[in-house]
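Single-letter residue listing:
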Amino acid sequence: LIADVILATGAVFATSFLTSYSIFGLLRFITGVGLGGCYYIASILIGEFVSTDKRGFMSGVSTSVWNFGYVVACVMSSTVLNSIGWRNCFRICALPILAVIFMVFCMKDAPSFTAAKAARDKRDASMGKKENAYAEIWASPKLRKSFIIWLPSYVQGRVGMTSAGWITAAGYIAMIIGTAGGGKIADKIGRKKLFLIGTIGTAIFGLCLAMWANESNVLVLMLLYGVCYGMPTGI
């Protein structure tokens, strides 16, 4: 988590000094890698630290904070952008790096992680060698299966698909297509029309996935859901 925060905020800060559009694209890519890591690691930490009766609320709070960041950025663009310039706005947006100080000195790993690590260390000491955790995942059929289908567990359990990983991957690929292609379509039919199509389509196909998905139609529904979900994001 610390590495991801440093990566994202460092790239944001570096963006304030650039003079090239190509470097801008590279730095935005690096920022995305760091932010993506922060998002999912934070979700995991909530699952480890927070009890089940409060986990949903805390997950919601964590997700809503992203929207708070968007609000701050919008307010900055409407109030101080013209006076301090876009470069200083990027430097202000790099301030979350201060959270690293808190994480280094005040934040500890979850007890469940500490216990699991202690068990692994004890096992390695008794065997006289250190097992590679990544190799261990792929060596055990049970662990390998759990690792691969962790995300698409709904598709696996509810629909009965044995290729759930590929089905979910197809959905994400469709989101990329919807996000990238949505912008192109918006130039032709207008942004408001595309936004309306995307949001209504997401609702419809999300409902279809929840209510009527089966082995014969889940791939098509995931693809349609993914494309519609990506459309509003693209604009």
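Refer to the preceding data block for the structure.
Treat the numbers as computed from the prediction; the structure is a model and nothing was measured.

The next point concerns helix 11 (residues 191-212). Helix length check: helix 11, at 22 residues, gives a terminal C-alpha distance of 31 Å against a target of 32 Å (1.5 Å per residue), a fit within 8%. Among all positions in helix 11, only Leu194, Gly198, Gly201, Thr202, Cys208 and Leu209 are buried. Taken down its axis, helix 11 places every buried residue within 140° of arc, on the same side. Within helix 11, the exposed residues directed more than 90 degrees away from the buried face are Lys192, Lys193, Leu196, Ala203 and Met211.

Think of it this way: side chains of opposite charge can pair up when their charged atoms draw near. Enumeration over the complete set of coordinates arrives at three salt bridges. The residue Arg123 makes a salt bridge to Asp124 at a minimum N-O spacing of 3.5 Å. Judged by relative accessible area, which is 27%, Arg123 ranks as partly exposed. The class of Asp124 is buried, set by a relative accessible area of 9%. Residues Asp187 and Arg191 are paired through a salt bridge, measuring 3.8 Å at the closest nitrogen-oxygen approach. Each member of the pair, Asp187 together with Arg191, is exposed.

So, on to the packing of helix 1 (residues 2-15) against helix 5 (residues 99-106). Put simply, helix 1 and helix 5 touch, their axes get as near as 10 Å, and they point 165° apart. Here helix 1 lies roughly antiparallel to helix 5, going by the angle between them. In terms of crossing hand, the pair formed by helix 1 and helix 5 is left-handed. In this structure, helix 1 contributes Ile2, Val5 and Ile6 to the contact, and helix 5 contributes Val100, Met103 and Val104. Of the residues contributing to the contact of helix 1 with helix 5, the split by class is six nonpolar, no polar and no charged.

Thresholds applied
- Position numbers for residues start from 1 in each chain and track the written sequence from start to end.
- Since the coordinates come from a predicted model, pLDDT governs what is reported: local features require at least 70, and pairs of side-chain atoms require 80 or more to be given and counted, while whole-chain, interface and lining totals use all residues.
- Values reported for side chains reflect all heavy atoms of the structure, with hydrogen atoms and water molecules removed beforehand.
- Think of it this way: any DSSP run of H or I at least four residues long counts as a helix, any run of E at least two long counts as a strand, and we number them from the N terminus.
- Expected span of a helix, by definition, is 1.5 Å for each gap between consecutive residues, and there is one gap fewer than residues.
- Exposure categories follow from relative accessible area, calculated using a 1.4 Å probe and restricted to protein chains: below 20% of the type maximum is buried, above 50% is exposed, and the middle band is partly exposed.
- Starting at the helix axis, one direction is taken to each C-beta atom, and the arc is that of these directions.
- The term salt bridge refers to a pairing of a side-chain nitrogen on Lys or Arg with a carboxyl oxygen on Asp or Glu at a separation within 4 Å.
- In this analysis, axes come from line fits to C-alpha atoms, helices being fitted only over the stretch in contact, and the angle between any two N-to-C directions falls in the range 0 to 180 degrees.
- Roughly parallel refers to an angle under 35 degrees, roughly antiparallel to one over 145, roughly perpendicular to one between 65 and 115, and oblique to any angle outside these ranges.
- Should the near helix be turned anticlockwise from the far one by less than a right angle, the crossing is termed left-handed; should it be turned clockwise, right-handed.
- Pairs of residues are marked as contacts when any of their non-hydrogen atoms sit within 4.5 Å.
- As a working rule, the residues Ala, Val, Leu, Ile, Met, Phe, Trp, Tyr, Cys and Pro are called nonpolar, Asp, Glu, Lys and Arg charged, and the rest polar, with Gly in that last group.

In short, the description is geometric, and any link to function would need to be established separately.
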